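# Close look at the chain arrangement
Below are the chains, spelled out letter by letter.
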Amino acid sequence: MTHETFVNLKPDGRAFIDGERRWAMDSARFDNISPVDGRLLCEVARCQARDIDLAVGSGRRAFEDKRWRGLAPAERKRVLVRFSELIVTHGEELACLETLDMGKPIRYARSVDVASAANCIRWYGEAIDKVYDEIAPTPDHALALITREPMGVIGVIVPWNYPMIMAAWKIAPALACGNSVVLKPSEKSPLTALRLAELALQAGVPAGVFNVVPGYGAEAGSPLALHMDVDGIGFTGSTKIGKQIHVMAGQSNLKRAWTELGGKSPFIVMDDCPDIERAVQAAVGSLFFNQGESCNAPSRLLVHQRIKDQFIERALQLVPQYQPADPLHPDTVMGALVDKTQLDTVLGYIQKGQQEGAQLLCGGQAALVKPGGFYVQPTIFDGVTSSMTIAREEIFGPVLSVMGFSDAHEAVRLANDHVYGLQASVWSSNLNTAHGMARALRAGTVHVNQYDEDDITVPFGGYKQSGVGRDKSLHAFDKYTELKTTWIRIDSPV
Ligand code: NAD
């Protein structure tokens, strides 16, 4: 089928439970509106506690009868690699769904979202028959085996900014280890998750092992986080809800809770920056990527006073490249914000920035791209101080706040003066400065003289209130397995 066919296809918004599409038990639904042009894409099942029970029960049965975890790791690998291949085969359909559902440019839905989700599932599939357990260095009369075991039923709750990738980062390691999964996608972007579940079944993931329950946070997310028969929860979303997830885990069965939360990442440019052009391109390109709706967007730009004017002048020259346009057009680099609420939130922050005395250099308005859609101009503020709301809160839109500083101490102090600690970047041609500052920055990932390197082999997650635990890399297996010690007495005759 062609791109046009997929764009006009009516998506299926029913839940996916026990290997089947179905509406919520009480038939409740909600409208899925595209942020591209306000069109009604489909109705989506509005799952609630009873539907969550059904999905968790299905996952539990699959876990107990070992239809998935009982397979040899090499067999689970074969199925997950097939799953990844099906994602690639259905790439155009998934990319169209992602763009229509949350507004991102189709070129990135194809080259980033589909490609990364497929790669992630393949990588964990291929890894699972290559990880070994341990034997402890104990005395001769005993043998201590340290083994990892799948936990059981894993609840996964994800946000709307990278729906497929955020889901893949959790379902891939969880499934590879042999768990069952109940995934609750964001109510703002549930469509690709539902298709992924169908493709997983087609690839050979047995019915019941991977369930998807769309719905609202309070109605579907909370019952999952509070469920007494869910063994672990992998959450990506805001810090506000992340904190509630830990409370719900504690209030119920003390399920393991892992959270990947908000960010307000500092991007520090020293006056000996080795390549100002590359630094400007990286700062502006990374911030405006995905309409600024990225947890790791470098939304606090800290530039040494000596080069700040030059840096800003070049940044402003680049801004026209990032004007929003039709997300379905192959050349578009900035698409629509996910919905009207997000548009109003972003415009509210821009207004607040002006009221609190920041200097608006460009943008600041909603953009008219397509009637019914939600677009905002790329926006840059100078003269931002760390007490201003636009420096303190995550805006999750294309708004860059520029601050000046005069030495490395001040830069690190400003950068670390925040509740978040997801990522940071430092640009300097002095090895001592760059490495010393990288050590001092309180962030899960620090980039030196670049910002966009990314690979499934490296952990992703934050310090402080940016969350607990890490996605990606082999470290993610720790989140979805229990460690067991088995002592064996050895009465050796020799
Ligand atoms: P959100 O916290 O509002 O929602 C995230 C998910 O939680 C959604 O599925 C939502 O339905 C669900 N939810 C909402 N209320 C709930 C409740 N009471 N109980 C259980 N579930 C509930 O976040 P969002 O607006 O969807 O996403 C944006 C946030 O995600 C930003 O803060 C961003 O930084 C963060 N994020 C973090 C990472 C990371 O890896 N650190 C990656 C992507 C996004």
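Since the structure is predicted, the reported quantities are computational estimates derived from the model, not experimental observations.

### Observations regarding the overall build of the chain
Within the chain, the secondary structure is distributed over 15 helices and 24 strands. Relative to its length of 494 residues, the chain is compact, with a C-alpha radius of gyration of 23 Å against a globular reference of 23 Å. The 494 residues of the chain split such that 57% are buried. Pairs at least 24 apart in sequence give 74% of the contacts found in the chain among residues at least 6 apart. Distance from the positive charge centre (50 side chains) to the negative charge centre (57 side chains) of the chain: 3 Å.

### Notes on the packing of aromatic side chains
Tallied over the full model, the rule gives 9 aromatic pairs. Taken together, a centroid distance of 5.0 Å and an interplanar angle of 90° make the contact between Trp123 and Tyr124 edge-to-face. The lysine or arginine in question, Arg29, covers the ring of Trp23, its NZ or CZ lying 3.8 Å from the ring centre. When the ring centre of Phe63 is taken as origin, the NZ or CZ atom of Arg69, which lies over that ring, is 4.0 Å away.

### Observations regarding the site of the ligand
Close contacts around the ligand come from 29 residues, with Val158, Glu187, Ser238, Leu261 and Glu394 the closest. Here an oxygen atom of the ligand sits 2.8 Å away from a polar atom, N or O, in the main chain of Val158. At a separation of 2.8 Å, a nitrogen atom of the ligand approaches a polar backbone atom of Leu261. Protein coverage of the free-state accessible area of the ligand, which is 840 Å², stands at 90%. Of all elements in the fold, only α8 (217-226), β10 (232-236) and α9 (239-251) reach the threshold of two or more residues within the shell around the ligand. The element contributing the most residues to the shell around the ligand is α9, with 4 residues. Class assignment for the residues of the shell around the ligand results in 15 nonpolar, 10 polar and 4 charged.

### Observations regarding the sheet that holds strand β14 (residues 359-362)
The strand order β14-β17-β18-β13-β12-β20-β21 describes an open sheet built from 7 strands, whose pairing is mixed. Edge positions in the sheet fall to β14 and β21 (445-448), since each has one partner strand and no second. Neighbour to neighbour, the strand axes of the sheet diverge by 20° on average, direction disregarded. Sheet analysis places strand β12 (residues 266-269) next to strand β20 (residues 423-427), joined by 3 bridges and oriented parallel. From the neighbouring strand, Phe267 faces β20, where its bridge partner is Ser425. Packed onto the sheet, helix α12 (residues 340-355) meets β14, β17 (379-382) and β18 (399-405) and runs at close to 25° relative to β17.

### Concerning unusual backbone geometry
The phi dihedral of Ser27 is positive, around 65°, even though this residue is not glycine. Not every positive phi belongs to a glycine, and Lys66 is a case in point at roughly 60°. Along the chain, the position of Lys66 falls in the loop between α2 (49-64) and α3 (73-89). In this structure Lys66 comes out as partly exposed when scored by relative accessible area, which is 47%.

### Some details on the environment of Gly250
Along the chain, Gly250 falls in helix α9. Owing to a relative accessible area of 43%, Gly250 belongs among the partly exposed residues under this scheme. With 25 residues separating them in the primary sequence, Gly250 and Ala225 have C-alpha atoms 9.7 Å apart.

Parameters at a glance
Residues numbered from 1 in each chain as written. Predicted model: local features only at pLDDT ≥ 70, side-chain atom pairs only at ≥ 80, totals over all residues. Heavy atoms only, no water. Helix = DSSP H or I, 4+ residues; strand = E, 2+ residues; numbered from the N terminus. Rg over C-alpha atoms; globule rule 2.2 N^0.38 Å. Buried < 20%, exposed > 50% of the residue type's maximum accessible area, 1.4 Å probe, protein only. Contact = heavy atoms within 4.5 Å. Lys, Arg positive; Asp, Glu negative; His and termini not counted. Charge placed at Lys NZ, Arg CZ, Asp CG, Glu CD. Phe/Tyr/Trp six-rings, centres within 6.5 Å; stacked < 30°, edge-to-face > 60°. Lys NZ or Arg CZ within 6 Å of the ring centre and 35° of its normal. Near = heavy atom within 4 Å. Polar contact = N/O pair within 3.5 Å; in protein donor to acceptor, adjacent residues only side chain to side chain. Areas by Shrake-Rupley, 256 points an atom, 1.4 Å probe, with all protein chains shown as cover. Nonpolar A, V, L, I, M, F, W, Y, C, P; charged D, E, K, R; others polar. Pairing = 2+ DSSP bridges. Axes fitted to C-alpha atoms, helices over the stretch in contact; angles between N-to-C directions.

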